[in-house]
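Descriptive analysis of the structure
So the chains spell out like this:
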Amino acid sequence: MLLRPLIAALAVSCACSVSNADSPFEGYRFIDLSHAFNEHTIYWPTETGFRLEPDFVGETEGGWHYESFTLHTPEHGGTHLDAPIHFAKGGWSTDEVPLSSLITPAVVIDVRELTADNADYQLTTAAIEQWEAQHGTIPEGCAVLLNTGYAAYWPDRERYMGTSKRGTEGVAALHFPGFSLEAATFLLSERRIVAVGLDTPSIDFGQSKDFLVHRYLYQHNVVGYENVGNLNDLPAKGSYIIALPMKVEGGSGGPLRIVALVPLAS
Ligand SMILES: [Zn+2]
């Protein structure tokens, strides 16, 4: 099992290389699943965007170069974590999510063919069963990542969200794929997964009005990853993810650096 040496390695601060035979990551490559944050980063139509405000950039009186900025960002935009408290009273806040929910094996369900002509696609239990017939039962304690193909549209707001309108008018015009309540119920009650993620702005599909997937999963302290990138580079199974948000006390989510460890053989 890779996770024990992985966690031990994370406890010490080192620049680990997969080409180093002594590395616990030997045999794996790293894939960055986060989009960079900048002025093009996509946020919900009712949210403001990301802003990096310079406090000082230039040469100090002492003669050395110095840069420092203040970050301005809503929690829920760009590649980010949804902490369970986002939709469930009493659920974990960002700082309370245990590392065992954030550093896990991952499976990827590729639904690109199904979303190609259906922006309102919702993952079905039948699609999960089809995946399992090919790859085996989804293991307990893992993250299920949905590859809808929408990361290819990033950061084109109109194609990615179905609209470039803002405010409540923009929310009404959202079209992108997500999980269904049926699939979420199966994944939690039958497979005991601990996290879900995907390459769209929300785990509920764009036209959802009641956010049933958020409400159901977060009530059970499952965590969510939204606006994830580069899922095409992950195999259906066999990889691990490390998803670490800023540890904001009482937060309901936050900007996320999420990376995958992918077996070289895959
Ligand atoms: Zn969110």
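A short tour of the structure in this document, coming up. (Residues numbered from 1 in each chain as written. Predicted model: local features only at pLDDT ≥ 70, side-chain atom pairs only at ≥ 80, totals over all residues.)

Looking now at the overall build of the protein chain. Scanning the protein chain from N- to C-terminus turns up 8 helices and 12 strands. At 19 Å, the protein chain has a C-alpha radius of gyration in line with the 18 Å of a compact globule built from 266 residues. Taking the principal axes of its C-alpha atoms as reference, the protein chain extends roughly 65 × 55 × 35 Å. Counting every position in the protein chain, which comprises 266 residues, the buried fraction comes to 38%. Long-range contacts, defined here as pairs at least 24 residues apart, represent 74% of the contacts in the protein chain between residues at least 6 apart. (Helix = DSSP H or I, 4+ residues; strand = E, 2+ residues; numbered from the N terminus. Rg over C-alpha atoms; globule rule 2.2 N^0.38 Å. Buried ≥ 20, exposed ≤ 12 C-beta atoms within 10 Å, placed from the backbone. Contact = placed C-beta atoms within 7 Å.)

When helix α7 (residues 181-189) is considered as a whole, its buried residues turn out to be A183, A184 and L187. The buried residues of α7 occupy one face: seen down the axis, they fall within an arc of 100°. Of the surrounding elements, those touching the buried residues of α7 are β6 (122-123), α4 (125-135), β7 (143-147), β8 (178-179), β9 (195-198) and α8 (212-219). (Arc of directions from axis to C-beta.)

The next thing to look at is the nonpolar core. Considering soluble globular proteins, one finds that nonpolar side chains tend to be buried as a cluster. Residues A106, I109, A143, V144, L145, I193 and V196 are the most contacted members of the largest nonpolar core, which totals 59 residues. In terms of residue count, the dominant contributor to this core is strand β12 (residues 253-263) (5 residues). With sequence-adjacent residues up to four places away left out, V144 is seen in contact with V107, I109, I138, L187, I193 and V196. (Core = buried A, V, L, I, M, F, W, Y, C linked by C-beta atoms within 7 Å.)

The side chains of a regular strand alternate, first on one face of the sheet and then on the other. Here strand β10 (residues 223-226) shows two buried faces, one formed by V223 and Y225 and the other by G224 and E226. Relative to β10, strand β4 (residues 80-82) is paired through 3 bridges, and the arrangement is antiparallel. When the bridges of β10 are listed, H80 appears paired with E226. Two strands pair when backbone bridges link them, and β9 and β10 are joined in this way by 3 bridges, in the parallel orientation. Bridge pairing in β10 links V196 to G224. You can see the chain leave β9, run along α8 and come back into β10, and the turn it takes is right-handed. (Pairing = 2+ DSSP bridges. Right-handed = clockwise from strand over helix to strand, strands pointing away.)

The next point concerns unusual backbone geometry. With an omega dihedral of 0°, the bond running from W154 to P155 counts as a cis peptide bond. Looking at where P155 falls in the secondary structure, it is placed in the loop between β7 and α5 (157-161). One non-glycine residue, N221, lies in positive phi territory at about 60°. Among the structural elements, N221 can be located in the loop between α8 and β10.

Another point: the packing of α7 against α8. Running from N to C, α7 and α8 point in directions that differ by 15°, and their axes come no closer than 9 Å. Put simply, α7 runs roughly parallel to α8. By crossing handedness, the relation of α7 to α8 is classed as right-handed. The residues of α8 that touch α7, namely those facing L181, A184, T185 and L188, are L212, V213, Y216 and L217. A per-class count over the contact of α7 with α8 returns 7 nonpolar, 1 polar and no charged. (Axes fitted to C-alpha atoms, helices over the stretch in contact; angles between N-to-C directions. Parallel < 35°, antiparallel > 145°, perpendicular 65-115°, else oblique. Left-handed = near helix turned anticlockwise from the far one by under 90°. Nonpolar A, V, L, I, M, F, W, Y, C, P; charged D, E, K, R; others polar.)

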